[in-house]
Amino acid sequence: MTQQNKRPNFKVSHVLRLILNTALILLAVTLSVLLGKEIFHFIHFSIFNRGIETHYKILESILVFFLYFEFIAMIVKYFQENYHFPLRYFLYIGITALIRLVIVEHDNPVNTLLHTCAILVLTISYAIIKFSSKQKEKL
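This write-up is about the structure you can find in this document. (Residues numbered from 1 in each chain as written. Predicted model: local features only at pLDDT ≥ 70, side-chain atom pairs only at ≥ 80, totals over all residues. Heavy atoms only, no water.)

**With respect to the nonpolar core**
It is characteristic of soluble globular proteins that their nonpolar side chains tend to be buried jointly. The biggest cluster of nonpolar side chains holds 9 residues, and these are L24, A28, L31, L35, V64, Y68, I72, I75 and Y78. Elements represented by at least two residues in this core include exactly α1 (12–48) and α2 (52–80). At 5 residues, α2 tops the list of elements feeding residues into this core. Not counting chain neighbours up to four residues away, the residues in contact with L35 comprise F65, Y68, F69 and I72. (Core = buried A, V, L, I, M, F, W, Y, C linked by side-chain atoms within 4.5 Å. Buried < 20%, exposed > 50% of the residue type's maximum accessible area, 1.4 Å probe, protein only. Helix = DSSP H or I, 4+ residues; strand = E, 2+ residues; numbered from the N terminus. Contact = heavy atoms within 4.5 Å.)

Right, here's the structure in full:
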């Protein structure tokens, strides 16, 4: 007589994926709330404040808005692409964050040059990924 294995039909990977998905949903909700607050802050700041400093603050708010937006879009893509984060979204976020640094902290020319070089490296990386994916499609 053979004895069947009567273990429950669940795996550690399924439990961890459930935890990850729950955390990502909570993160997406939190980022959505912060995105709404950033929109409110942007509108309030642009209507009631004037001057050259206001333009820098508005530009900084716009870039923070895009960072929130890109993180939310990356979470959406994670669920759309069968639990996989596309690498290009990490590159988008990195480029946007570095552009924000260049605009906001442009006092030190050496740091600005280094941030600009990092943007160039990320852009070249994106072009390489795009080019290699097109080559795979041709095969």
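**Here we look at the pattern of salt bridges**
Taken as a whole and judged by the stated rule, the model has 2 salt bridges. Here K77 makes a salt bridge to E81, at a shortest N to O gap of 3.8 Å. Residue E81 is joined to R88 by a salt bridge in which the shortest nitrogen-to-oxygen separation is 3.9 Å. Given a relative accessible area of 29%, R88 falls into the partly exposed group. (Salt bridge = Lys/Arg side-chain N within 4 Å of Asp/Glu carboxyl O.)

**Quick notes on the packing of helix α3 (residues 87–104) against helix α4 (residues 109–138)**
One can describe the packing of α3 onto α4 by two numbers: an axis separation of 9 Å at closest approach and a directional angle of 160 degrees. Classed by the angle they form, the pair α3 and α4 counts as roughly antiparallel. Between α3 and α4 the crossing geometry is left-handed. Mapping the contact onto sequence places L87, R88, L91, Y92, G94, I95, L98, I99, L101 and V102 in α3 and T112, H115, T116, A118, I119, L122, T123, S125, Y126 and I129 in α4. (Axes fitted to C-alpha atoms, helices over the stretch in contact; angles between N-to-C directions. Parallel < 35°, antiparallel > 145°, perpendicular 65-115°, else oblique. Left-handed = near helix turned anticlockwise from the far one by under 90°.)

**Some points on unusual backbone geometry**
Look at N82: it is not a glycine, yet its phi comes out positive at around 60 degrees. Looking at the element boundaries, N82 is found in the loop between α2 and α3. The class of N82 is exposed, set by a relative accessible area of 61%. You will see that Y83, though not glycine, has its phi angle at about 60 degrees, which is positive. The residue Y83 is located in the loop between α2 and α3 in this model.

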